Amino acid sequence: MSSVSYHISNLLEKMTSTDKDFRFMATNDLMLELQKDSIKLDEDSERKVVTMLLKLLEDKNGEVQNLAVKCLAPLVSKVKEPQVETMVDLLCSNMTSDKEQLRDISSMGLKTVIAELPLSSSGLTLTASVCKKITSQLIGAMGKQDDVSVQLEALDILSDMLGRLSGALVSFHGSLLSSLLPQLTSPRMAVRKRSILALGHLVPCCSPALFSQLTEHLVTELSKGPPTSNTRTYIQCLATVSRQGGHRVGEHLEKLIPMVVKFTGVEDDELREYCFQAFEAFIRRCPKEMSPHVATVTQLCLKFMTFDPNYNYDDTEEEEDSMDIEDGLDEESDDEYSDDDDMSWKVRRSSIKCLEALISTRRDLLLSFYSSICPTLLTRFKEREENVRADVFAAFSTLLRQTRVGSSHHGLILAGADTGACREEEPAVTLLKKQVPAIVKAIHRQLKEKSIKSRQGCFCLLTELAHTVPGALEEHIPALIPGIVFSLTDKSTSSTMRIDALTFFHVLLLSHPPQAFQTHMQVLLPPVVACVEDTFYKITSEALLVTQQLVRVMRPQGQATTGGGFDPKPFVREVFSVTMKRLKATDIDQEVKERAISCMGHMVCHLGDHLGAELQGVLAIFLERLKNEITRLTAVRTITLISASPLKTDLSSILPEALSVLGSFLRKNQRALKLGTLACLTALVTHHAASIKPAALEPVLSELPALVDETDMHVSQVSISLLTCMAKACPSSLAKISSSVLPGVFRLVHSPLLQGGALVAIVDFLQALVLSKTSNLGYSQLLKSLTEPFHSPQSSADGSIIHRQSYHSVARCVAALSSASPKETPGTVAGLIQEVKSPSSPESARVLALLCLGEVGRSGSLGGSKEVQGVILDAFTSPSEEVKTAASCALGSMAVGSLKDYLPFLLKEISAQPRRQYLLLHSLKEVISACPASSLSPHVESIWALLFQNCECQEEGTRNLVAECLGKLTLVNPAQLLPRLKQQLKAGSPLARSTVVTAIKFTIVDHPAPIDSLLKDCIGDFLKTLQDEDINVRRVALVMFNSAAHNKPSLIRGLLGAVLPHLYKETQIRKDLIREVEMGPFKHTVDDGLDVRKAAFECMYTLLDSCLEGLDVLQFLDHVEEGLKDHYDIRMLTFLMLARLVSLCPAAVLQRLDRLVEPLKATCTTKVKAGSVKQEFEKQEELRRSAMRAVAALLAVPEVERSPSMADFANQIRSNADMASIYQSVQGGEGGGATESMDMN
């Protein structure tokens, strides 16, 4: 301890030296000492160090002064409170000193101290007392009207302090406000500006009463009609307050808007600029409260964005449509303007920015923007002031982006729909298409402007346009090409400009048909080729991408060599030579290397027959690049491309070596490389089998067994597809397969994870293997390997239990084998029937045999054999549930294979056997789901009648099955059957109604279907059941609504206004549904309304993702807030919702923050009663984690800790070890914890 004090007293002694270098070095050493965490000072040393440093602040040497200021930062956290206060006192009094240098250094010192004051709850007392000291001194300093520089420093420090520590200053907010407001009328502009900044920092965390006081003050002052310079300040202050305080301004807007509107009429450009900045802040911060004023603001923006009294656009433009406004303004204002002090561009710019804010916050008004804003924006493309023009382009790009967001949002739903449906889905795109000629007309002149900023704006805008409506620019390409060429060839053009032009050209080539460019090849190719030669690698790499697309344009694939009337021959030479130069170079940027390989690959693929003798040299380079670790992945993809080319390029020169290199890649850990290599091998085997010797495939085959494994299903699937190609193309190579790859394939078939694409791949492979007749493995061996594990007793060799999924996989494979060798089928079927009948065979074998019969029957190869029907009926009486279920699956599958044989039998059984109804309905569901509509339609009536007999069944499981059958049956003939379902709503009992509503849920599928337009018309009638008096009907109606919102939001978007009130009503806790049940000595409360509430909250969660723009978020938040205090399940849901809302609309959540923090806090701080069971502990823990995820999402919003309650809670979390650890784990361990989504299909 003493050694530290000794060392420090040594340093202090040196600091008093007369030599400035000694003082400097000693101060520097002290700073290093203080930065060590381990250092502890006793009181005496503390005092000495502080006194010394404060003395050094007045040192004659500037460098020593600066170092002394830096020392204050580590010192704040190392010394006790009284010392910090001493420091602050002296700094404050020095700040008002007469010496300028001392003032500056003291204010730097104060800022340093403020930045270091602790925020944690343990240090808050220190922070608060220091802040009090500083604040009272600063308020005094601000009042010193005689010395402006003191005022400015004081305001500056105050802004810093409010920005970081406003929570600690709550008690001072009132006095700060009253001392800041008079500064707004200070004669010095700089003082006014800094006061506005300080007010901006005060706004987010002051009490509502103070906020109102501030706005009242501004309104009162403005209504007095003060001199223009004061008005400017007040309006500027309004804009800042709105930007910082956000939603709080909302309630005062009614008074503010008319005032600001009035001031736009004053002939003062700066004032107008500030007015529009205020509008922009209102629009961005309070979109909802601004709704009634949007029209007014839009009118003003449109009027003033053309406000240019000093300039007449007539001489350059033929169009005079925007002149009338300007001419009117011309007469009155001509005399007071000269061109030097013309500030009108500021007005134009701020009004355009205000429009951009409108466009980006109000997607719901998009269609009206196309009629109101779009035409005027287009006329402003001719704006003379470069900065303003850039903003015009930016605003228009925002309009395009908003249109694109809308169209991609429905993109999922429309993917396969006919164009008619697309048209009605997004009228905005239709409106935009009409505007395209006008946009091109307005823009194509700008592309030849000297101004680089304008051209970049144009290219960004055109890129957005090509993304938003691909193909729309086709007939305008001739108008755009000169502009592109100009930007590529103009000597004065900067490199970023060229890159922008190339990027746009690339997007244009991708989004338009090749024929549109062929006639312009002569003009387009030379500048692009010149860019490939450019010395700057970024230009080269963009140009290579464009060249690659141009190669595709020269001869699009799928056209005959001479077809299309366009001959690429004259252009091949020059493209080839520049690309070749880049391909050979090894000392260039990685990206250029990769793109050169890819570009040359496209040349070989599209124009290989024009390369003649050069081709072999190119292939040799590709082989080299394949062996190089940096370029191997690109080379693999390029060889894949070439081998699949219709030109049938001869690859025999590189094949043997390439195959062994590719084989070695299969061992590598890089997954993308593995997949790329497998795709490449598949292409080579498929297209070039003739030139591959079986031995050459050995190195590949030896690597495949390791890849066929359940840990990576996709790699397994691709590997098996490669084996299938080998079995078809070069079967002899598979002779030794039985010992190597096949065991892995069988392990995969028996894996519980196998499904989808991988299963299809295995089925194809087994069929190809049987047909190739190569390996010593015939039909019977394969069959035996597939079914073996099911014959041993339940636990198979390695002690694991066979999973249900593997029964279905094996059945599919057996059916595939039997369809590949029809001669064997009868024998197999007989064997399977024996298996089911034989009493000695284990249950697993009987289940498998039934499923196999079903799958074999699915292809219709069983016929109507009576024996099979008997076997199935016997199986229904089996004591084992597994066997019964398998029988019902099998019956369904067989009926799919031959409807006429099995369907009447199935329907008869359903009526005759009420006890087996559930199993038989399962079979029927299989039939309805899998059969094409055409073959089902003769039977629809009989099935429909039967289902309606059973729709009031007491058993909910059976009712749900009936509903699913009804829903899927309705899809067969929607026009006829949907109205019938609607009839049933009026007729039936509550049970029947719930069945009908559930049936509707099953008619909503996630891909486009013919029923959609019919559903859209009548789904409103089905949603009326949300008001049904039966609670169960309301619950299933909510589930159906949720399904619609999830799978086809377009169905319900228009109905939200009517549906939401009923949805919100169901989220409320109803006392009349809560009852007490006595269980022995205990009383237990049961809430019958819980399931309905849960369904309602699930709907709300889904709506966030699919229909956000149709929701009033603040009203939505009211119900989320209620849910935060509800039952365990519902709280879990609302925490998820809250995290989602924070990312989607943070502004609205911030408005409600204070009300949301309480329930979150309550959940995070609850403790479970000591004697509770383990489940209680786990539940509570899960709840706290979930709440903490929502808190973590909130804390990620930058402005959130300005709210005192949230800042307090954040401190509580940091200081409480238990909560801090949960917070850490939620943030770190589960990465995207907050955005984890629920799957609720």
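Residues numbered from 1 in each chain as written. Predicted model: local features only at pLDDT ≥ 70, side-chain atom pairs only at ≥ 80, totals over all residues. Heavy atoms only, no water.

Undergrad: What exactly am I supposed to notice about the overall build of the chain here?
TA: Broken down by element type, the chain carries 65 helices and two strands. Counting all 1241 residues of the chain, 54% fall into the buried class. Considering only contacts in the chain between residues 6 or more positions apart, those separated by 24 or more positions represent 74%. Roughly 52900 Å² of accessible area belongs to the chain as shown, and the carbon and sulfur atoms make up 54% of that amount. Within the chain, one finds 130 positive and 148 negative side-chain charges whose respective centroids are separated by 5 Å. (Helix = DSSP H or I, 4+ residues; strand = E, 2+ residues; numbered from the N terminus. Buried < 20%, exposed > 50% of the residue type's maximum accessible area, 1.4 Å probe, protein only. Contact = heavy atoms within 4.5 Å. Areas by Shrake-Rupley, 256 points an atom, 1.4 Å probe, with all protein chains shown as cover. Lys, Arg positive; Asp, Glu negative; His and termini not counted. Charge placed at Lys NZ, Arg CZ, Asp CG, Glu CD.)

Undergrad: I'm lost on the confidence of the model for the chain in this one. Help?
TA: Any residue range with low pLDDT should be treated as having predicted coordinates unsuitable for detailed reading. Here the chain averages 81 in pLDDT, while 91% of its residues score no lower than 70. Between residues 409-425, whose pLDDT stays under 50, and residues either more than four places distant or in other chains, the model counts 23 contacts. For residues 795-799, every residue scores under 50 in pLDDT, and the model assigns this stretch one contact once sequence neighbours within four places are set aside. (pLDDT = per-residue confidence, 0-100.)

Undergrad: So what exactly am I meant to see when it comes to the pattern of salt bridges here?
TA: Two side chains bearing opposite charge may form a pair once their charged atoms approach each other closely. Within the structure shown, the criterion is met by 53 salt bridges. Note that Arg-232 is salt-bridged to Asp-268, the shortest N-O span being 2.6 Å. A residue pair is termed long-range when its members are at least 10 positions apart, and Arg-232 in helix 12 (residues 228-245) and Asp-268 in the loop between helix 13 (253-263) and helix 14 (269-285) qualify at 36 residues. Judged by relative accessible area, which is 21%, Arg-232 ranks as partly exposed. Given the relative accessible area of 12%, Asp-268 is considered buried. In this structure, the salt-bridge partner of Glu-533 is Lys-581, at a minimum N-O distance of 2.9 Å. Placement of Glu-533 in the loop between helix 28 (521-532) and helix 29 (537-554) and of Lys-581 in helix 30 (residues 569-584) is noted, with a sequence separation of 48 residues between them. (Salt bridge = Lys/Arg side-chain N within 4 Å of Asp/Glu carboxyl O.)

Undergrad: Just checking my understanding: could you explain the packing of helix 24 (residues 452-468) against helix 25 (residues 477-489) for this structure?
TA: The description of two packed helices rests on the angle between their axes and on the distance between the axes. The contact between helix 24 and helix 25 brings their axes to 12 Å, and the two run at 130 degrees. What the angle tells us is that helix 24 and helix 25 run oblique. Relative to helix 25, helix 24 is oriented so that their crossing is left-handed. From helix 24, Arg-455, Phe-459 and Leu-462 reach across to helix 25, where they touch Leu-480, Gly-483, Ile-484, Phe-486 and Ser-487. A per-class count over the contact of helix 24 with helix 25 returns five nonpolar, two polar and one charged. (Axes fitted to C-alpha atoms, helices over the stretch in contact; angles between N-to-C directions. Parallel < 35°, antiparallel > 145°, perpendicular 65-115°, else oblique. Left-handed = near helix turned anticlockwise from the far one by under 90°. Nonpolar A, V, L, I, M, F, W, Y, C, P; charged D, E, K, R; others polar.)

Undergrad: How should helix 29 be read in this particular structure?
TA: Spacing of three or four residues puts side chains on the same side of an α-helix, whose turn is 3.6 residues. Along its 18 residues, helix 29 runs 25 Å from first to last C-alpha, staying within 8% of the 26 Å computed at 1.5 Å per residue. Counting buried positions over the 18 residues of helix 29 gives 15, a clear majority of the element. (Expected span 1.5 Å × (residues − 1).)

Undergrad: Just checking my understanding: could you explain helix 26 (residues 495-511) for this structure?
TA: Taking 1.5 Å per residue, 17 residues should reach 24 Å; helix 26 reaches 24 Å between its end C-alpha atoms and fits that length. Judged by how many residues are buried, helix 26 sits mostly within the fold: twelve of 17 residues are covered. Among the residues of helix 26, Met-497, Arg-498, Ile-499, Ala-501, Leu-502, Phe-504, Phe-505, His-506, Val-507, Leu-508, Leu-509 and Ser-511 are the ones counted as buried.

Undergrad: Help me out: how do you make sense of the nonpolar core in this one?
TA: A general trend in soluble globular proteins is that nonpolar side chains are found buried together. Ranked by internal contacts, the top residues of the largest apolar core, which has 414 residues, are Phe-282, Phe-396, Phe-505, Leu-626, Leu-924, Ile-1052 and Leu-1103. Residue contacts for Leu-1103: discarding those within four places in its chain leaves Phe-1041, Ala-1045, Ile-1052, Leu-1056, Leu-1060, Leu-1063, Leu-1108 and Leu-1111. (Core = buried A, V, L, I, M, F, W, Y, C linked by side-chain atoms within 4.5 Å.)

Undergrad: I keep staring at the side chain of Arg-23 and nothing clicks. Help me out?
TA: Take Arg-23: it is sitting in helix 2 (residues 20-35). Setting aside anything within four residues of it in sequence, one finds Arg-23 in contact with Lys-14, Met-15, Ser-17, Thr-18, Leu-56, Asp-59, Asn-61 and Val-64.

Undergrad: Whenever I open this one, the pairing of strand 2 (residues 1082-1087) confuses me. Can you help?
TA: Remark: a regular strand shows side chains that alternate across the two faces of the sheet. Counting buried residues in strand 2 gives zero out of six residues, a small share hidden from the surface. Of the pairings in the sheet, the one linking strand 1 (residues 1074-1079) to strand 2 comprises six bridges and is antiparallel in character. Counterpart to Ile-1074 in the pairing with strand 2 is Asp-1087. (Pairing = 2+ DSSP bridges.)

Undergrad: Can you walk me through the layout of surface pockets in this structure?
TA: Think of a ball as big as a water molecule: rolled over the atoms, this probe shows where empty space is left. Considering only enclosed or pocket space, the largest pocket measures out at about 980 Å³ in volume. Along the walls of the largest pocket sit 29 residues, with Pro-287, Thr-361, Leu-1108, Val-1113 and Cys-1145 positioned nearest its centre. For the lining of the largest pocket, the elements supplying multiple residues, two or more each, are helix 14, helix 15 (287-290), helix 18 (344-361), helix 21 (386-414), helix 58 (1090-1106), helix 59 (1113-1123), helix 60 (1128-1144) and helix 61 (1146-1151). Looking at the lining of the largest pocket, the element that brings in the most residues is helix 61, giving four residues. Looking at the lining of the largest pocket residue by residue, the classes come out as twelve nonpolar, six polar and eleven charged. Of the volumes computed, that of the second largest pocket is approximately 720 Å³. Taken together, 35 residues line the second largest pocket, and the ones lying closest to its centre are Pro-204, His-247, Arg-248, Leu-1150 and Gln-1151. Of all the elements in the fold, those that place two or more residues in the lining of the second largest pocket are helix 11 (208-223), helix 12, helix 61 and helix 62 (1153-1165). (1 Å grid on protein atoms, 1.4 Å probe; cavity = no way out; pocket = protein on both sides within 12 Å on 5 of 7 lines; lining within 4 Å. Points joined across faces, edges and corners; volume = space filled by probe spheres on them.)

Undergrad: Teacher, can you tell me more about the environment of Val-604 here?
TA: Inspection of the secondary structure assignment puts Val-604 in helix 31 (residues 590-607). Its relative accessible area of 0% is what places Val-604 among the buried residues. Taking the C-alpha atoms as reference, Val-604 lies 8.5 Å from Ser-645; in sequence the two are 41 residues apart. Ignoring anything within four residues of it in the chain, the contact list for Val-604 reads Leu-611, Leu-615, Val-618, Phe-622, Ile-642, Leu-647 and Thr-649.

Undergrad: Help me understand the state of the cysteines in this model?
TA: Cysteine pairs can be covalently joined through their sulfur atoms, and such a bond is termed a disulfide. Scanning the model with the defined rule gives zero disulfides in all. You can see Cys-92 has no disulfide; the closest cysteine sulfur is in Cys-131, sitting 11 Å from it. Judged by its relative accessible area of 4%, Cys-92 falls in the buried class. Left without a disulfide partner, Cys-275 is nearest to the cysteine sulfur of Cys-354, which lies 11 Å away. (Disulfide = S-S within 2.5 Å.)

Undergrad: How should unusual backbone geometry be read in this particular structure?
TA: Note: most residues except glycine have negative phi, and most peptide bonds are trans. Positive phi values are uncommon outside glycine, yet Lys-648 reaches one of about 50 degrees. Relative to the helices and strands, Lys-648 resides in the loop between helix 33 (632-643) and helix 34 (655-665).

Undergrad: What is the right way to read the packing of aromatic side chains from this model?
TA: Two descriptors summarise a pair of aromatic rings, namely the distance from one centre to the other and the angle between the planes of the rings. One pass over the structure, following the stated rule, counts nine aromatic pairs. Ring geometry for Phe-459 against Phe-504: centres 5.7 Å apart, planes inclined by 35 degrees, an arrangement best described as tilted. A residue pair is termed long-range when its members are at least 10 positions apart, and Phe-459 in helix 24 and Phe-504 in helix 26 qualify at 45 residues. Neither Phe-459 nor Phe-504 differs from the other in exposure class; each is buried. (Phe/Tyr/Trp six-rings, centres within 6.5 Å; stacked < 30°, edge-to-face > 60°.)

Undergrad: Looking at this structure, how should I read the packing of helix 24 against helix 26?
TA: Contact geometry for helix 24 and helix 26: axes closest at 9 Å, N-to-C directions at 20 degrees. If you check the angle between helix 24 and helix 26, you find them roughly parallel. At the point where helix 24 passes helix 26, the crossing takes the left-handed sense. Contact residues: Ile-452, Arg-455, Gln-456, Phe-459, Leu-462, Thr-463, Ala-466 and His-467 in helix 24; Thr-496, Met-497, Asp-500, Ala-501, Phe-504, Val-507 and Ser-511 in helix 26. Grouping the amino acids of the contact of helix 24 with helix 26 by side-chain chemistry returns eight nonpolar, five polar and two charged.

Undergrad: When you look at the environment of His-201 in this model, what are you seeing that I'm missing?
TA: Position of His-201 relative to the elements: it lies in helix 10 (residues 189-202). Counting along the chain gives 38 residues from His-201 to Gly-163, while the straight-line C-alpha distance between them is 5.3 Å. Not counting chain neighbours up to four residues away, the residues in contact with His-201 comprise Ser-159, Leu-162 and Gly-163.

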